[in-house]
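# Chain and residue survey
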Amino acid sequence: MKVRRPKKLFPPAVTAVMFVAAMALLIFGSVEGTRAALTYYSETYASRVQMYDIGVSLHENGERVSWRDYNSSANGTWNEHTGVLLAHMRDDGEPLKLGKTYQEQLSVANSGTINQYVRVTVYKYWTDASGTKLQHLSPELINLHFVNLDTDWLLDTEASTPERTVLYYNKLLYAEGEGVSETPLFADTLTIDDMIATKVHQEVEKSGEYTTITTTYDYDGMQFRIEAKVDAVQEHNAEDAILSAWGKNVTVSNNMLSLD
């Protein structure tokens, strides 16, 4: 019996080029299309207390990319900006390379005038070209490498999932001029696992004396998304503030925070 095994769409060489192009589109989509970095203060708690001049910023590779600062001197308005992550991860025109480790250094800074405690929530997931989230594709293949865990950042294992990582800075973050006003890094690199290239499924179709095997890459044309959200609460009465704003029981002693 003769067996014919045509590939879907392209011969191997062309398929490889198209896969790289799809992955390049993936990174462009994630940069341009996602709410990649949002910082905010819990307005629920702010409405219950007198709160002035609180502010928090997200820094990426040494640059301030997103911030939300409350300014009591300007009629209680917010000075805010939502930037995008990964915008400068690659040189212009450089395609994304699977398995390559890119610098992605993330930290939090106190950009207000009062001391505070901060929490970071990072989401990573896959979408199709229209932006629809795909639950069946693994967020664990989006490897954002978290650092300084336990020493500076506490991982909330109860709230974290493969898609969501919740971190608490375990020290008081001071206003500028009063002490340390920027945290150590909570992430330092990003790698898209090259196992993506091995994630395929095949369909076998028999027609008379011929067998056709169609191979499809599971991640072909998909987009990855990363969102980082930073929250802050004031130093005063911090345990009650964190419970009210974030629903988390913590203990604060000598300006050190621990998870209950």
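Anyway, here's the lowdown on the structure attached to this text. (Residues numbered from 1 in each chain as written. Predicted model: local features only at pLDDT ≥ 70, side-chain atom pairs only at ≥ 80, totals over all residues. Heavy atoms only, no water.)

## Regarding the pairing of strand β9 (residues 164-169)
To keep things clear, this is the line we draw: Only protein chains enter the calculation, and the probe is 1.4 Å; a residue is then buried if its accessible area is under 20% of its type maximum, exposed if over 50%, and partly exposed in between. For helices the rule is a DSSP run of H or I covering at least 4 residues; for strands it is a run of E covering at least 2, with both sets numbered from the N terminus onward. One bridge is not enough; two strands pair if DSSP finds at least two bridges between them.
By the criterion of burial, β9 is predominantly enclosed, with five of the six residues buried. Bridge analysis of strand β6 (residues 116-127) against β9 gives five bridges, and the strand direction is antiparallel. In the sheet register, V120 faces β9, and the bridge partner there is L167. Bridge analysis of strand β8 (residues 153-155) against β9 gives three bridges, and the strand direction is antiparallel. If you follow L154 over to β9, its bridge partner there is Y168.

## Here we look at the nonpolar core
Our working definition: The definition of a nonpolar core used throughout is a set of buried Ala, Val, Leu, Ile, Met, Phe, Trp, Tyr and Cys residues joined through side-chain atoms within 4.5 Å. Only heavy atoms matter for contacts: two residues are in contact if any of them lie within 4.5 Å across the pair.
Counting residues in each nonpolar core, the largest one holds 38 residues, and the members touching the most others are V108, W126, F186 and F224. Contributions of two or more residues to this core are made by β2 (55-60), β3 (63-71), β5 (101-110), β6, β7 (142-146), β9, β10 (187-192) and β13 (223-234). Top element by residues in this core is β13. It accounts for five residues. Setting aside its immediate chain neighbours within four residues, V108 contacts V56, S57, V118, V120, W153, L173, S181, E182, T183, F186 and V230. Core analysis: the next-biggest nonpolar cluster, separate from the first, contains twelve residues, Y117, V166, I242 and L257 among them.

## Comments concerning the side chain of T191
Note the cut-off: Think of a polar contact as two N or O atoms within 3.5 Å of one another; within protein, one of them needs to be a possible hydrogen donor and the other a possible acceptor, and neighboring residues in sequence only count if both atoms come from side chains.
Considering the arrangement of structural elements, one finds T191 in strand β10. A polar contact of 3.1 Å, which involves the side chain of T191, links it to the side chain of T101.

## As for the pairing of strand β15 (residues 256-259)
Relative to β15, strand β14 (residues 250-253) is paired through four bridges, and the arrangement is antiparallel. Bridge pairing in β15 places V252 opposite L257. Between β14 and β15, which follow one another and run antiparallel, lie two residues, and N254 among them has a positive phi close to 55 degrees.

## So, the pattern of salt bridges
Rules: Definition used for salt bridges: Asp or Glu carboxyl oxygen within 4 Å of a side-chain nitrogen of Lys or Arg.
Taken as a whole, this structure holds six salt bridges when the rule is applied. Between D152 and K171 there is a salt bridge, with its nearest N and O atoms 2.8 Å apart. Here the residue D152 occupies a position in the loop between β7 and β8, and K171 occupies one in the loop between β9 and β10, the gap between them amounting to 19 residues. By relative accessible area, D152 is classed as buried at 15%. Its salt-bridge partner being K248, residue E158 comes within 3.5 Å of it at the nearest N-O pair. Here the residue E158 occupies a position in the loop between β8 and β9, and K248 occupies one in the loop between α3 (238-246) and β14, the gap between them amounting to 90 residues. According to the relative accessible area criterion, E158 is exposed, its value standing at 70%.

## Side note on α3
Definition in use: Arc, as used here, means the arc of the directions from the helix axis to the C-beta atoms.
The set of residues buried in α3 consists of A238, A241, I242 and W246. In an axial view of α3, the angular spread of the buried residues amounts to 95 degrees, which keeps them on one side of the axis.

## Here's the deal with unusual backbone geometry
In the Ramachandran plot, N61 falls in the positive-phi region, its phi being about 50 degrees despite a non-glycine side chain. Within the element layout of this structure, N61 appears in the loop between β2 and β3. Phi at D150 takes a positive value of approximately 75 degrees, unusual for a residue other than glycine. Turning to its location among the elements, D150 is positioned in the loop between β7 and β8.

## A look at the environment of P162
In this fold, P162 is placed in the loop between β8 and β9. Since its relative accessible area comes to 47%, P162 is described here as partly exposed. Taking the C-alpha atoms as reference, P162 lies 6.2 Å from E140; in sequence the two are 22 residues apart.

## Some remarks on the packing of aromatic side chains
Put simply, the rule reads: Each aromatic pair joins two rings of Phe, Tyr and Trp (for Trp, the six-membered one) with centres within 6.5 Å, and gets the label stacked for planes under 30 degrees apart, edge-to-face for over 60, and tilted for any other angle. Lysine and arginine charges are scored as sitting over a ring when NZ or CZ, respectively, is within 6 Å of the ring centre and within 35 degrees of the ring normal.
Counted according to the given criterion, the structure contains four aromatic pairs. Through successive ring pairs, a cluster of aromatic residues spans W153, Y169 and F186. If you follow K133 out to its NZ or CZ, it ends over the ring of Y125, 4.5 Å from the centre.

## Thoughts on the environment of Q103
Looking at the secondary structure, you find Q103 in strand β5. Taking the C-alpha atoms as reference points, Q103 and A187, 84 residues apart in sequence, are found 9.3 Å from one another. Contacts of Q103, omitting those with residues within four sequence positions, involve N61, M89 and D188. Among the polar contacts made by the side chain of Q103, one reaches the side chain of N61 at a distance of 3.4 Å.

The quantities given are spatial measurements derived from coordinates; they are silent on function.
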